[in-house]
Amino acid sequence: MIELQDIEKALPRVRKVAVETPFSYAPRLSEESGYDVFLKKENLQTTGSFKIRGAFNKIASLGEEERAKGVVAASAGNHAQGVALGAKYFGIPATIVMPETTPLTKVDGVKSYGAEVVLHGSNYDEAYAYAVKFAQKEGRVFVHPFADDDVIAGQGTIALEILRQCGDDKPDAVLVPVGGGGLISGIAVAVKALSPKTKVIGVAAEGAPAMKLSFDARKPIDTTGVRTIADGIAVRDTSPKTLDYILRYVDDIVLVSDDEIANAILYLLEKQKLVVEGAGAVGVAALIHRRLELPEEAKVVTVLSGGNIDVTMLSVIIEKGLVKSYRKMKLVVTLLDKPGSLMRLTEILKEAQANIVQIGYDRTSLDLKFGDAYVSIALETKGKEHQQLIKKLLHDNGYRFEEEH
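An account of the accompanying structure is given in this report. (Residues numbered from 1 in each chain as written. Predicted model: local features only at pLDDT ≥ 70, side-chain atom pairs only at ≥ 80, totals over all residues. Heavy atoms only, no water.)

Here's the deal with unusual backbone geometry
Here the phi dihedral of K273 falls at roughly 60°; this positive angle occurs in a residue that is not glycine. Residue K273 is classed as exposed on the basis of its relative accessible area, which comes to 66%. You will see that Q353, though not glycine, has its phi angle at about 60°, which is positive. Inspection of the secondary structure assignment puts Q353 in the loop between α15 (341-351) and β12 (355-362). (Buried < 20%, exposed > 50% of the residue type's maximum accessible area, 1.4 Å probe, protein only. Helix = DSSP H or I, 4+ residues; strand = E, 2+ residues; numbered from the N terminus.)

Let's talk about helix α12 (residues 258-271)
Between its first and last C-alpha atoms α12 spans 19 Å; for 14 residues at 1.5 Å apiece the expected length is 20 Å, and the two agree. One or two residues past the end of α12 sits K273, with phi positive at roughly 60°. (Expected span 1.5 Å × (residues − 1).)

As for the side chain of K299
Summarising the element assignment, K299 is placed in strand β10 (residues 299-304). For K299, a relative accessible area of 8% translates into the label buried. Those residues in contact with K299, other than ones at most four positions away along the chain, are D36, F38, C166, D169, K170, P171, D172 and A173. (Contact = heavy atoms within 4.5 Å.)

Some words on the packing of aromatic side chains
Evaluation of the coordinates by the stated rule reveals 6 aromatic pairs. With centroids separated by 5.1 Å and ring planes inclined at 80°, the aromatic side chains of F56 and Y89 adopt a geometry described as edge-to-face. Of this pair, F56 sits in helix α3 (residues 51-61) while Y89 is found in helix α5 (residues 78-90), placing the two residues 33 residues apart along the sequence. Classification of Y89 by relative accessible area gives partly exposed; the value is 44%. A centroid spacing of 5.4 Å and a plane angle of 25° characterise the contact between F56 and F90, whose relative ring orientation is stacked. One end of the pair, F56, is in helix α3; the other, F90, is in helix α5, with 34 residues separating them in the sequence. Residue classification places F90 among the partly exposed residues on the basis of a relative accessible area of 26%. (Phe/Tyr/Trp six-rings, centres within 6.5 Å; stacked < 30°, edge-to-face > 60°.)

Printed below as a string of structure tokens:
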């Protein structure tokens, strides 16, 4: 197992490619959560994720002969980019095996560093099994994304920065995303060595609960599958190596749902002007949705571990978030299919000061009576009361309608 000195030795190595990321107070999030919240913005790191730290430290720790043979890794994206950049830095070949479902933005990001990408399997674990066999066959070093002491030491350099950036006023708790457990293992080793009273709390996705189940049972428990928008922590099986660290140094692990993660992504985008991927937003999700049991006004640091979110996923999250926060509504209105009917409907919506952003007209649906038509309308609205006003006006004018969610 690594100790504090291993993390301290890793820091100057990591500094060759990784920046010291910003650390700032979040006043609005603090007010809403009841804690003094600080954000460690690893989403602004080189390659957009903390993963560059551990991957580079591992490659930098290899002997020259090992490095010359090249490296292999399996990853959903962020570790892949870290390994690819590390290989480029040392001028060695790298092959990255990624699940077939990996977003294009992450595949392109890896290729941009000169690595070869192989798409294999429907999830990380299937990609991992293939990558391990490939590395053995080619005689290359496999760079594990989390179950490796050099990788864990590299990730732990985040804690050295956090504690230095906090100054004398050490945090009461540090919130860390948990998937395979490499990040929280490294952070926990450093935090407990330098600030023993600080709690280290992991946050995992409900759709990938293996490490939470294992933490509670105090033994490795694997799951049959994962399903979460937080693809960076979508790990099916528990690593005995990282579980050992977690059982020694981590105080608790909590779970958040995909809806809560999506809310946190949108919150960070709107309120903090930060683009953060699902895995990076889980700590904020735990804060917003009151998953923590800490003293009032506790000083809490949450690690925003990455910002490499697929644009398509982000657009879906924004769309659903607008509907959920009553800033957008979708209605299907039944009209008489005759001239002027649609104009009258739009006049009522104009009176309600609702902005039409999308409209469709259907007169052929089998469940329509002859002479009727369905009009599907998406509206920009100004909150719950505004939506109630719109529905009242439609009802008072004799319109039949249904609201889509």
